[in-house]
Amino acid sequence: MEENIENPQEICTHDGVLLKKANSAVAVEVNTTGSIHLIHSLATNELWIEWRLNDGFLISDTDTQEQDEWSFVDTIVRRNRTISETLVFNPNTSNITLKDVQTPPKNRMIRVKLRDLKSVEVLKNGLVIKLIGRVDGRLHSEYVFQHGNADNFVRSLSSTHCLQRNHRNRNVYDVVEDQQRPQDRDKLQKTFAELQIEDIKSGSGWISNMMRRPYEQTMDIFAKIADVYVATPVSPPSSSPDNGRPADGQNAMMQSTTEDYEVLGTSPRQTDSDCGDTVPGVAKRIEMPGLSAVEIQPRGQPLSEMVWRSMINEDGSIPSDKVDLIKEKIFRGGIEPDIRAELWKFLLDYDLWANTNTQREHRRAQKRIEYYTMKSQWLRMTSVQESNFSDFRDRKCQIEKDVKRTDRTHEFFAGDDNPNLETLHELLMTYVMYNFDLGYVQGMSDLLAPILYVMNSEKDAFWCFVGFMDHVFTNFDMDQAGMKRQLHDLTQLLAFANPRLYNYFVETGSDNMYFCFRWLLVWFKREFSQDDIMRLWEVLWTGLPCINYHLFISLAILDGETETIIGNKKEFNEILKHVNELSMRLDLDVILAKAEAIYQQVKGAPHLSDEIRGIIGEEPVEKVAEIHTDSDDESDAVISGPTKSVEEEEKLQKKIEEALEQSMYLNFY
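This write-up is about the structure you can find in this document. For clarity, every value in this text was computed on a predicted model and none was experimentally measured. (Residues numbered from 1 in each chain as written. Predicted model: local features only at pLDDT ≥ 70, side-chain atom pairs only at ≥ 80, totals over all residues. Heavy atoms only, no water.)

### Considering the pattern of salt bridges
For the structure on display, the rule yields 26 salt bridges. Where R309 meets E305, a salt bridge forms, and the shortest distance between an N and an O atom there is 3.5 Å. Linking R309 with E305, this pair stays in helix α9 (residues 305-310), spanning 4 residues, or about one helical turn. Here D532 ties to R535 by a salt bridge, and the two come within 3.1 Å at their closest N and O atoms. You can see D532 and its partner R535 sitting in helix α21 (residues 530-541), 3 residues apart, about one turn around the helix. The buried category is assigned to D532, whose relative accessible area is 6%. Among the residues examined, R535 registers a relative accessible area of 24% and is labelled partly exposed. Linked through salt bridges whose partners overlap, the residues forming this network are D407, D446, K525 and R526. (Salt bridge = Lys/Arg side-chain N within 4 Å of Asp/Glu carboxyl O. Helix = DSSP H or I, 4+ residues; strand = E, 2+ residues; numbered from the N terminus. Buried < 20%, exposed > 50% of the residue type's maximum accessible area, 1.4 Å probe, protein only.)

Put into structure tokens, the structure is as follows:
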């Protein structure tokens, strides 16, 4: 515990952290308040987590005995705590006097190497973290963040690329060794230089940001590239060496710009004769090295209104056994357009399958009040509030920019002064108020636009968008941890299902799979037409046949391009360019049929590793026993807030309704 850390550099610190529990090896008294730190030892290149007992229970930015020994980098903002706050927050201070507070006890601390931990758990809505040991899988120590910012500390850990979110439990972060390879950074910089992305997106700070933060800036660029289409000639010459596709030199960027936004051209959809692959409805066997051959099943018919109505009880509820049949039908063929809006509400958890018509209407009424309450919050924000709220102001500015260039070639959003654009803007602004920790990140407007088109109702579109974001929220982590995990999982699946292509990617240094970033970020929104993307999303929303099925869609696309990539000896930059040129040239029915076949091959393989099993949602061969820690009443009492009485609830509801009425009145006039 007192081991020396040579040449320490402090990455972040957080005050007001109560040590709640510790294992027997930790000799520090629990229920004491201190500060928690992330420390980097420059001599050994190791990361440590350190908790220090507060000096006299008072927190000060300058009051530290080790000030000259530490270099504070990217420190989380903290504030001084008053003596009265100390008396409230520290359970051991009931008899503390002012003199006691000014005479600090001897400093004590807890230190643990990050590599000696198995995972970090964030609980109680960001108030508690638990450190789990790697060797024994038991609790090392537990901390209560009295200002409720445990997630900020975990975010700092994630920024060092040493944590990744557990794909089975969103509250658990596994400790991993995930250092970005220097050659990958150089490759990404070179890639964007050759593609001349700066001509597509203007911005004077790009070069300096790329030099200072190559990995983070490049990932940000990948997020923004979702706005870009690379167009190819309508009639590719048959003599093209690229399997019927135009040669690299024949590609042209087509874009038209206005003063406020740009509309980028789209590539023509590829015909069946161009794709050189399975035609829907024709049985074909797919074979991959080491895997049993399976037959590609043709796609089915979409769920019809007649079949849908036959599944509903008289009271409007849908039996659980019928829910499975409905999802299976949607997975096989999608949904007929006339009932798409109705079914999407169920798939996105806005409507609940088991609810009756009466319950459903009551739930929608409550959701309507909740939506307009949040909308009124930002509508009524004064200019002074905005000027003092930089995060809100920045997100508002980004939304305004993105809305002006979202799906502008689609009739629903085309033209100047389009009211649907205003609605899109208002929905995204309200989502900022709904989930301010996540807020708004580029790409979200792409996910919302088709939902608004289908629903054509503001409140319904909002709650369906919330349901969609619950599926993909990790795509928009600021540290890109969710995207890195998915790229890693896709690499593992590719190595298992298509080792030939994987080995080629390794040989060419392309196994980072960054060229699939856009696919995963916005769920193939830029790869398919509006009609196709609606069919694809409703298939994926069923959750069938496994979690992470969108990765099998990626595998199917890559499988169809295997011969083109390997046969033409494409390097990383050429692969990225080729993948971008697939936009609007993919046959969705072929991709869906092949993805299902690949999944069946992988699931049926007798030599599945536990990692692959986890990716597809299967239990490991030897199920690891879960570690349970006691959660006593005292722990819950520390972090639980007071409950509201019936009178308080009614008073709050009345205020909400008054704010809603005022908001609607101001909007009308």
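### A word on the nonpolar core
One finds M444, F515, F552 and I553 to be the most contacted residues of the largest nonpolar core, which totals 114 residues. For this core, the element with the most residues is helix α17 (residues 458-472), which contributes 9 residues. Apart from the residues within four sequence positions on either side, F515 is in contact with F505, S510, L558, F572, I575, L576 and V579. Core analysis: the second largest hydrophobic core is formed by 30 residues, I11, L53, V120 and L131 among them. (Core = buried A, V, L, I, M, F, W, Y, C linked by side-chain atoms within 4.5 Å. Contact = heavy atoms within 4.5 Å.)

### Observations concerning the packing of helix α16 (residues 444-455) against α21
Taken N-terminus to C-terminus, the directions of α16 and α21 make an angle of 95°; their axes are 11 Å apart at the nearest point. Judged by the angle between their axes, α16 and α21 are roughly perpendicular. The segment α16 lies against α21, with D446, L447, P450, Y453 and V454 engaging Q530, M534 and W537. Across the contact of α16 with α21, the residue classes tally to 6 nonpolar, 1 polar and 1 charged. (Axes fitted to C-alpha atoms, helices over the stretch in contact; angles between N-to-C directions. Parallel < 35°, antiparallel > 145°, perpendicular 65-115°, else oblique. Nonpolar A, V, L, I, M, F, W, Y, C, P; charged D, E, K, R; others polar.)

### Details of the pairing of strand β2 (residues 32-41)
With respect to burial, β2 is a largely interior element, 10 of its 10 residues being buried. As paired strands, strand β1 (residues 8-22) and β2 are joined by 9 bridges and run antiparallel to one another. Bridge pairing in β2 places T13 opposite H37. Note that β2 and strand β3 (residues 46-53) share 8 bridges and pair antiparallel. Pairing of S35 across the sheet is with R52, part of β3. Once β2 ends, the chain turns through 4 residues before running back antiparallel as β3, passing N45 with a positive phi of about 55°. (Pairing = 2+ DSSP bridges.)

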